[in-house]
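Residue-level listing of the chains:
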Amino acid sequence: MKKIKAPALIDSSWFDIYTQGALDCCALMAEQSGSRPARDFTRCIIGPWSHGENFGELPVDGECPKGAFLDPLRRKFRLGLLAEPERDPLPGMARYTYFMFGRSEWRTSECWPPAGAAETAFFLDSGGAANSLYGDGVLSSSGPAAGEGCDVFISDPRNPVPTGGGHFICVVNGSHDQTEIEKRADVLVYTSAPLDEDLEVAGRVKVVLYAASTARDCDFAAKLVDVFPDGRAFNLADGIIRAAHRKSMAVRELLVPGEVEEYEIDLWSIANCFRQGHRIRLEIAGSNFPQMARNNQTGSDPASDTELKIARQTVYHDRLRPSRLILPVMR
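The structure reproduced in this document is the subject of the present report. What you see is a predicted model; the values in this text were computed from it and never measured.

As for the overall build of the chain
Along its length, the chain carries 4 helices and 15 strands. Relative to its length of 331 residues, the chain is compact, with a C-alpha radius of gyration of 21 Å against a globular reference of 20 Å. With respect to the three principal axes, the spread of C-alpha positions in the chain is 65 × 50 × 35 Å. Across the 331 residues in the chain, those meeting the buried criterion constitute 53%. Look at the contacts in the chain between residues 6 or more apart in sequence, and 76% of them connect residues 24 or more apart. Element-wise, carbon and sulfur atoms account for 52% of the exposed surface of the chain, whose accessible area totals about 14,700 Å². Charged side chains in the chain number 37 positive and 45 negative. The centres of these two groups are separated by 5 Å.

Here's the deal with the nonpolar core
Counting residues in hydrophobic clusters, the biggest one holds 59 residues, and the most contacted among them are Trp-14, Leu-209, Leu-224, Ile-280, Ile-284 and Leu-325. Within the second largest apolar cluster, 10 residues are counted, among which are Trp-49, Leu-73, Phe-77 and Leu-90.

A closer look at the pairing of strand E4 (residues 105-109)
For strand E3 (residues 96-100) and E4, the ladder comprises 5 bridges, and the chain directions are antiparallel. Its bridge partner being in E4, Phe-99 is matched across the sheet by Trp-106. Between E3 and E4, which pair antiparallel and follow one another directly, the connecting turn spans 4 residues, one of which, Gly-102, has a positive phi of 90 degrees.

Re the sheet that holds strand E1 (residues 9-15)
Taken together, the 4 strands give an open sheet; going across it, the order is E1-E2-E3-E4, and neighbouring strands pair in mixed fashion. Among the strands making up the open sheet, the edge pair consists of E1 and E4. Across the sheet, the mean angle separating the axes of adjacent strands is 30 degrees when strand polarity is ignored. Here 6 bridges tie E1 to strand E2 (residues 43-50), and the two strands are oriented parallel to one another. When the sheet's bridge partners are listed, Asp-11 is paired in E2 with Ile-45. Relative to E1, helix H1 (residues 19-32) is tilted by about 150 degrees, and along the sheet it contacts E1, E2 and E3.

What to know about the environment of Lys-76
Relative to the helices and strands, Lys-76 resides in helix H3 (residues 66-83). Classification of Lys-76 as partly exposed rests on a relative accessible area of 48%. Taking the C-alpha atoms as reference, Lys-76 lies 45 Å from Thr-191; in sequence the two are 115 residues apart. For Lys-76, the contacting residues outside a window of four places in its chain are Pro-89 and Leu-90.

So, the packing of aromatic side chains
Within the structure shown, the criterion is met by 12 aromatic pairs. On the numbers, 5.9 Å between centres and 40 degrees between planes, the contact of Phe-15 with Phe-101 is tilted. Here Phe-15, found in strand E1, pairs with Phe-101, found in the loop between E3 and E4; they are 86 residues apart in sequence, far enough to count as distant. Residue classification places Phe-15 among the buried positions, given a relative accessible area of 0%. Using a relative accessible area of 0% as the deciding quantity, one classes Phe-101 as buried. Judged by centre distance (6.1 Å) and plane angle (55 degrees), the ring pair of Trp-49 and Phe-69 falls under tilted.

Quick word on the side chain of Ser-323
Here Ser-323 lies in the loop between strand E14 (311-316) and strand E15 (324-330). When its relative accessible area of 0% is taken as the criterion, Ser-323 is described as buried. Non-local contacts of Ser-323, meaning those with residues more than four positions away in its chain, are made with Phe-123, Leu-124, Val-208, Leu-209, Tyr-210, Val-315, Tyr-316 and His-317.

Considerations on the environment of Ile-45
As for its position among the elements, Ile-45 is in strand E2. You can call Ile-45 buried: its relative accessible area is 0%. Taking C-alpha positions, Ile-45 is 4.8 Å from Thr-97, a pair spaced 52 residues apart along the chain. Here Ile-45 is in contact with Leu-9, Ile-10, Asp-11, Ser-12, Phe-69, Leu-70, Leu-73, Met-93, Thr-97 and Trp-106, once residues within four sequence places are set aside.

Criteria and cut-off values
- Think of each chain on its own: its residues are numbered from 1, step by step along the sequence as written.
- Under the rules for a predicted model, residues below a pLDDT of 70 receive no local features and side-chain atom pairs below 80 are neither given nor counted, while totals for whole chains, interfaces and linings still include all residues.
- To get the side-chain values, take all heavy atoms of the structure and skip hydrogens and water.
- Runs of H or I in DSSP of at least four residues are treated as helices and runs of E of at least two as strands, each being numbered from the N terminus.
- For the radius of gyration, the atoms used are the C-alpha atoms, and the globule rule reads 2.2 Å times the number of residues raised to 0.38.
- We call a residue buried when its accessible area falls under 20% of the maximum for its residue type, exposed when it is over 50%, and partly exposed in between, using a 1.4 Å probe and counting protein chains only.
- For this analysis, residues touch if any pair of their heavy atoms sits within 4.5 Å.
- All accessible areas in this document rest on Shrake-Rupley with a 1.4 Å probe, and a residue is counted as covered only by the protein chains that are shown.
- In this tally, Lys and Arg are treated as positive and Asp and Glu as negative; His is ignored, and so are the chain termini.
- By convention, the point assigned to a charge is CZ for Arg, NZ for Lys, CD for Glu and CG for Asp.
- By nonpolar core we mean a set of buried residues, namely Ala, Val, Leu, Ile, Met, Phe, Trp, Tyr and Cys, connected to one another through side-chain atoms within 4.5 Å.
- One bridge is not enough; two strands pair if DSSP finds at least two bridges between them.
- Lines fitted to the C-alpha atoms define the axes, with helices restricted to the stretch that makes contact. Angles between their N-to-C directions range from 0 to 180 degrees.
- Pairing of aromatic side chains requires ring centres within 6.5 Å, counting the rings of Phe and Tyr and the six-membered ring of Trp. Pairs whose planes differ by under 30 degrees are stacked, by over 60 edge-to-face, and all others tilted.

Next up, the structure:
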């Protein structure tokens, strides 16, 4: 970072492949870049788009064409720096400008996550049958129930859970109704009660999962969903972790079949207002294909393995193993 002397106008979108990278890069430049203009003038804009214009089916009030919004700012930023390199080309503009889904509003902040965002846990719970949209999976802020609660699903790499939206550019991206995917028995679905009031989240989302597998290696995928009163369920953020790299991306450590491990799944950042009457939903699955390469679940070298193996996955949610969704709730 210290080698970067020029300010940057960093733009991305909530369903782009660079979303979190853009936010992280802006923060690093503000703290560590090698000149005062680079530290003080750098800005980040995160809009309601994908890598291109379209962001899917998530309802948004009004229109906000990507080019029409960004091009004037890019031009002003570039020409201002060329004319006066030591002067802020966008005076009065906050460090971060981001779009808040649910309210269809642009917001600003001097830091990310915004001031006032507090990590809030929503715990997974069920009667042991959270499989599919029709199961009994619950998200609750009151904490997991006593006892040894768990849910089981079968992960079959011959029939992976399909990608239904999200980041990336070579598969379906953006936000789409997840209902058909949530009908699958190999997708665990945990849903909150209808909200009594609006709930705004802005910042990084993560899932802490306690799980065991019959395989030596497997994946756990998580997806945050906004459920509308009419039942439509729109994806907002997603993430995945490969079990063999649960502790380190540099070191591969296979599982002991049946042994419970703790996983932290990074879903990147989002800004969304879950409106009154909406419900918060978390999906847990063993794949998100073809957005992410399927795991053969054999434990062999994934670069050369040709065998496919079915695995039985158990997700635990009790007081000793409190699997949970962590949202950055705006106070």
